[in-house]
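# A look at the structure
Take a look at the letters that make up each chain.
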Amino acid sequence: MSETVQMGNLDKTSLISELFKKAITESSDSISKLMDKPITINATESVSGPLLEIVNYFEPSEDIYTAVAMRIQNNAEGALVFFARQDDAVRIAQEVIEVKTLKSETTISEMTNSVLKEMANILFGAFLTRISEVSEIQLLTSIPDLTSDMVKASLDELCGDIALKSENALAVITSFSIAPMNASGKMVLIVDESTVNKILDKVK
Amino acid sequence: MRNKVVRTGQIEVAKDDEILEALGIGSCVIVCLYDRSKKLGGMAHIMLPEKSLLPENRRHQVSAPAEFVDDGINNLIKLLQKHGGELDSFEVKLFGGAEMFGNIRPAPESLGTINLNAVKKIIEDLGLEVVSEDVGGNTGRSLKFFLSSGDVEVRKRL
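All of these numbers come straight from a predicted model, not from anything done at the bench. (Residues numbered from 1 in each chain as written. Chains lettered and ligands numbered in written order. Predicted model: local features only at pLDDT ≥ 70, side-chain atom pairs only at ≥ 80, totals over all residues. Heavy atoms only, no water.)

### Some words on the overall build of chain A
- Along chain A, the regular secondary structure elements total six helices and seven strands.
- N-terminal to C-terminal, the α/β element order of chain A is α-β-α-β-β-α-α-β-β-α-β-β-α.
- Here the C-alpha atoms of chain A give a radius of gyration of 17 Å, agreeing with the 17 Å that 2.2 N^0.38 yields for 204 residues.
- In terms of its C-alpha atoms, chain A occupies a principal-axis envelope of roughly 60 × 30 × 30 Å.
- Within the span of chain A, comprising 204 residues, buried residues form 57% of the whole.
- A fraction of 74% describes how many contacts in chain A between residues 6 or more apart in sequence connect residues 24 or more apart. (Helix = DSSP H or I, 4+ residues; strand = E, 2+ residues; numbered from the N terminus. Rg over C-alpha atoms; globule rule 2.2 N^0.38 Å. Buried < 20%, exposed > 50% of the residue type's maximum accessible area, 1.4 Å probe, protein only. Contact = heavy atoms within 4.5 Å.)

What follows is the structure, encoded as structure tokens:
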């Protein structure tokens, strides 16, 4: 019988946060190689509890960030999101395709949109493959989608969707920077309580 | 003049020269009720549709005052009535219910659309009239509700 994880249990939260941190560090190498620039993982925070508290953990701000998101579905529930300030997201995409424009994009162009989604596919794909290997759980995702808006507005829908399936979740928030470009961002992984239980059952 | 920020799942009531504010609204729905004669109003920042959509074993979970549409509207009305507001006098304004990631769960199944439909049904059942709304679409919103006039300022990205 699987043990129920009390989401406030620090040992278990720490264990799975460490696992996710290791996987995200490894998967960021794939993007680093693609850009030929080092990506530094600066800090990892984790928060667990009701989805409502996870939404409210993010300070409400009107700053605009580009978010690329994928939902984890079927035999697990969760979401993966990559956030960067819109200017940074555009510069990261331009670096990948080696195209530089002097004009800044006030809205994300089709080209930038496609590049960022493909990057998310590579980054999240590598991350989920790593987690699947360790946990022996196949994690299936939706296709990536992109929006440029306030962080809280972008997270509402993803957290709400998960909240319809599960009351509690774990969020792991990783800050990264690409020093040569002076760009930075965050990767957010949210998984529901039963997914945490399933993974812990396999890695304990 | 005093500003109160209403966070997800919360309800606030204010009056006269106070301002109620909500930032970064995506698929959540904001319900503003206003009793013009008393310059009294309230805001519910609702995250999810009716509790009845949850699996049976979760319907009695302890939730925040406006986590669900049904609780959110009922709790807001009760709180306003406690402060002297009268149901028949309430003007209703609705905001939010956006579809931020259309490819992940497009309308009519998007959470924003489900939330909005649930809110509108309850408002209609209560016999209240929606005097203005800025809902749906695919952009986030920030709001300021001025209790002195009942006006609501909506800010969105271009």
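### Focus: the overall build of chain B
- Helix and strand counts for chain B stand at two helices and nine strands.
- The C-alpha radius of gyration of chain B comes to 15 Å, within 12% of the 15 Å expected for a compact globule of 158 residues.
- In terms of overall dimensions, chain B has a C-alpha envelope of 45 × 40 × 25 Å along the principal axes.
- A total of 158 residues make up chain B; the buried ones form 54% of that total.
- Considering only residue pairs separated by 6 or more positions, chain B has 61% of its internal contacts joining residues 24 or more positions apart.
- Accessible surface, chain B: about 6,800 Å² in total, of which carbon and sulfur atoms supply 48%.
- Charge separation in chain B, taken as the distance between the mean sites of 21 positive and 23 negative side-chain charges, equals 4 Å. (Areas by Shrake-Rupley, 256 points an atom, 1.4 Å probe, with all protein chains shown as cover. Lys, Arg positive; Asp, Glu negative; His and termini not counted. Charge placed at Lys NZ, Arg CZ, Asp CG, Glu CD.)

### Considering the sheet that holds strand E9 (residues 152-155) of chain B
Residues and elements named next belong to chain B.
- Spatially, E1-E3-E8-E9 is the arrangement adopted by the four strands of the open sheet, whose pairing is mixed. Across the chains shown, the open sheet's two edge strands, defined by having one partner strand only, are strand E1 (3-5) and E9. Mean inter-strand twist for the sheet, computed between neighbouring axes without regard to direction, equals 20 degrees.
- In this sheet, E9 lies alongside strand E8 (residues 141-146) in antiparallel orientation, the contact comprising four bridges. By the bridge assignment for E9, Phe 145 is matched with Val 152. (Pairing = 2+ DSSP bridges. Axes fitted to C-alpha atoms, helices over the stretch in contact; angles between N-to-C directions.)

### Quick look at the nonpolar core
- Counting 50 residues, the largest nonpolar core has Leu 51, Val 81 and Ile 190 of chain A together with Ile 30, Met 43, Met 47 and Phe 145 of chain B as the members making the most contacts within it.
- It is helix H5 (residues 151-163) of chain A that provides the largest number of residues to this core, a total of seven residues.
- Setting aside residues up to four positions removed in sequence, Ile 190 of chain A forms contacts with Leu 51, Glu 77, Gly 78, Ala 79, Leu 155, Cys 159, Ile 162, Ala 169, Leu 170 and Ala 171 of chain A.
- By size, the runner-up hydrophobic cluster in this structure holds 46 residues, among which are Leu 19, Leu 116, Leu 139 and Leu 189 of chain A. (Core = buried A, V, L, I, M, F, W, Y, C linked by side-chain atoms within 4.5 Å.)

### Here's the deal with the sheet that holds strand E2 (residues 11-15) of chain B
Residue and element names in this part refer to chain B.
- Ordered by their spatial adjacency, five strands build an open sheet running E2-E5-E4-E6-E7, and the pairing between neighbours is mixed. The sheet is open, and its two edges are formed by E2 and strand E7 (129-135), each paired on a single side. Looking at each pair of strands side by side, their axes are set apart by 15 degrees on average, direction ignored.
- Here strand E4 (residues 29-35) pairs with strand E5 (residues 40-46) via seven bridges, running antiparallel. Directly across from Asp 35, in E5, lies its bridge partner Leu 40.
- Against the sheet, helix H1 (residues 69-82) contacts E2, E4, E5 and strand E6 (90-96), and its axis sits at roughly 160 degrees relative to E5.

### Concerning the interface of chain B and chain A
- Opposite the 37 residues of chain B that make contact, chain A presents 37 residues.
- For the pair chain B and chain A, the summed buried surface comes to about 2,900 Å²; carbon and sulfur atoms form 56% of the total.
- Interface area lost by chain B to chain A is led by Arg 7, Phe 101 and Ile 104 of chain B, which between them contribute 25%.
- Taken together, the links from chain B to chain A amount to three salt bridges.
- A salt bridge links Arg 157 of chain B to Asp 149 of chain A; the shortest N-O distance between them is 3.3 Å.
- Scanning the region where chain B abuts chain A turns up 20 residue pairs in polar contact (both at pLDDT 80 or more). (Buried area = accessible area lost by both parts, 1.4 Å probe. Salt bridge = Lys/Arg side-chain N within 4 Å of Asp/Glu carboxyl O. Polar contact = N/O pair within 3.5 Å; in protein donor to acceptor, adjacent residues only side chain to side chain.)

### Here's the deal with the layout of surface pockets
- What the largest pocket holds in volume is close to 440 Å³.
- Taken together, 17 residues make up the lining of the largest pocket; nearest its centre are Thr 107, Ile 108, Thr 147 and Ser 148 of chain A together with Arg 157 of chain B.
- Looking at the lining of the largest pocket, the elements with two or more residues in it are helix H4 (110-135) and strand E5 (145-150) of chain A.
- Counting residues per element, the lining of the largest pocket draws most heavily on E5 of chain A, at four residues.
- In the lining of the largest pocket, the residues fall into five nonpolar, nine polar and three charged.
- By volume, the second largest pocket is sized at about 370 Å³.
- Looking at the second largest pocket, it is lined by 17 residues, and the ones nearest its centre are Phe 58, Tyr 65, Phe 83, Val 151 and Lys 186 of chain A.
- Going through the elements one at a time, strand E3 (78-85), H5, strand E6 (168-178) and strand E7 (183-192) of chain A are the ones with two or more residues in the lining of the second largest pocket.
- Here the lining of the second largest pocket takes three residues from E7 of chain A, the largest share from any one element. (1 Å grid on protein atoms, 1.4 Å probe; cavity = no way out; pocket = protein on both sides within 12 Å on 5 of 7 lines; lining within 4 Å. Points joined across faces, edges and corners; volume = space filled by probe spheres on them. Nonpolar A, V, L, I, M, F, W, Y, C, P; charged D, E, K, R; others polar.)

### Some remarks on the packing of H1 of chain B against helix H2 (residues 111-125) of chain B
Residue and element names in this part refer to chain B.
- Axis separation between H1 and H2 bottoms out at 9 Å; the angle between their running directions is 40 degrees. Taken together, H1 and H2 sit at an angle that is classed as oblique. Judged by the sense of rotation from one axis to the other, the crossing of H1 with H2 is right-handed. Here H1 contributes Val 69, Asp 70 and Ile 73 to the contact with H2, which in turn contributes Asn 115, Ala 118, Val 119, Ile 122 and Ile 123.
- Here the residues of the contact of H1 with H2 are counted per class, giving six nonpolar, one polar and one charged. (Parallel < 35°, antiparallel > 145°, perpendicular 65-115°, else oblique. Left-handed = near helix turned anticlockwise from the far one by under 90°.)

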